Amino acid sequence: MQHHALVSVATECGQDIAALLAEMQDESELFASPNTLAAVEQALLTMAHTLAQLGPPLRDHLTELDWAGWQALHAALLRRVTPRRELVWYGVQALVPATMGLLQRLWQRHPALLLTQP
């Protein structure tokens, strides 16, 4: 799969998470809604898994990305670690917005990289 497809999937997940959280006022509202939380966690898992598939050329241009944070979130969601509230909240409040900004910059500055294979 080309980097373009991977970045597209990650971007769609980030947009889905933003849409799910748009009406929420705070953290407690997310964690009080099991259906929304499950949808957010699924999108976070997909996004984390997708980002993990990016190859060195893109990773070299995403040095500001919190790779360790994504890896920890990915592992916690895969293993259904409890409690994971802090990690999930960090994901939606920090990892996703920062990643979306970095991916958007990547699209604008290095579009040719997105046509390479991971």
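Residues numbered from 1 in each chain as written. Predicted model: local features only at pLDDT ≥ 70, side-chain atom pairs only at ≥ 80, totals over all residues. Heavy atoms only, no water.

Digging into the packing of helix α5 (residues 67-79) against helix α6 (residues 85-109)
Note the threshold: Only the stretch in contact is used when a helix axis is fitted, and all axes are lines through C-alpha atoms; the angle between N-to-C directions ranges over 0 to 180 degrees. Think of it this way: any DSSP run of H or I at least four residues long counts as a helix, any run of E at least two long counts as a strand, and we number them from the N terminus. Convention used here: angles under 35 degrees read as roughly parallel, angles over 145 as roughly antiparallel, angles from 65 to 115 as roughly perpendicular, and any remaining angle as oblique. The hand of a helix crossing depends on one turn: near helix anticlockwise from the far one by less than a right angle means left-handed, and clockwise means right-handed. The contact criterion used is simple: two residues touch if any of their non-hydrogen atoms lie within 4.5 Å. Following the grouping adopted for this structure description, the nonpolar residues are Ala, Val, Leu, Ile, Met, Phe, Trp, Tyr, Cys and Pro, the charged ones are Asp, Glu, Lys and Arg, and the polar ones are all others, Gly among them.
Running from amino to carboxyl end, α5 crosses α6 at an angle of 135 degrees, the nearest separation of the two axes being 11 Å. Taken together, the axes of α5 and α6 lie oblique to each other. The hand of the α5/α6 crossing is left-handed. Contacts from Gly69, Trp70, Ala72, Leu73, Ala76 and Leu77 of α5 reach α6 at Leu87, Val88, Gly91, Leu95, Val96 and Thr99. For the contact of α5 with α6, the per-class residue count stands at nine nonpolar, three polar and no charged.

Concerning the nonpolar core
Definition in use: Residues belong to one nonpolar core when they are buried, are Ala, Val, Leu, Ile, Met, Phe, Trp, Tyr or Cys, and are joined through side-chain atoms within 4.5 Å. Three exposure classes are used, based on accessible area relative to the maximum for each residue type with a 1.4 Å probe and protein chains only: buried under 20%, partly exposed in between, and exposed over 50%.
By size, the foremost hydrophobic cluster in this structure holds 32 residues, and its most contacted members are Ile17, Leu44, Met47 and Trp70. Secondary structure elements with two or more residues in this core: α1 (3-21), α2 (27-31), α3 (34-52), α5 and α6. The element contributing the most residues to this core is α3, with eight residues. With residues near it in sequence (within four places) discarded, leucine 44 still touches Ile17, Trp70, Leu73, Leu77, Val88, Gly91, Val92 and Val96.

Describing α1
What counts here: What a helix is expected to span follows from its residue count: subtract one and scale by 1.5 Å.
A rise of 1.5 Å per residue sets the reference length of α1, with its 19 residues, at 27 Å; its end C-alpha atoms lie 27 Å apart and thus fit the reference within 8%. Regarding α1, the residues found buried are His3, Leu6, Val7, Ser8, Ala10, Thr11, Cys13, Gly14, Ile17 and Leu21. On its buried side, α1 packs onto α2, α3, α4 (56-61) and α6.

Section: the packing of α1 against α6
At a closest axis distance of 10 Å, the pairing of α1 and α6 adopts a crossing angle of 140 degrees. With respect to α6, the axis of α1 lies oblique. Viewed along their axes, α1 and α6 form a crossing whose handedness is left-handed. On the side of α1, the interface is formed by His4, Val7, Ser8, Ala10, Thr11, Gly14, Gln15, Ile17 and Leu21, while α6 contributes Val92, Val96, Met100, Leu103 and Trp107. Here the residues of the contact of α1 with α6 sort into nine nonpolar, five polar and no charged.

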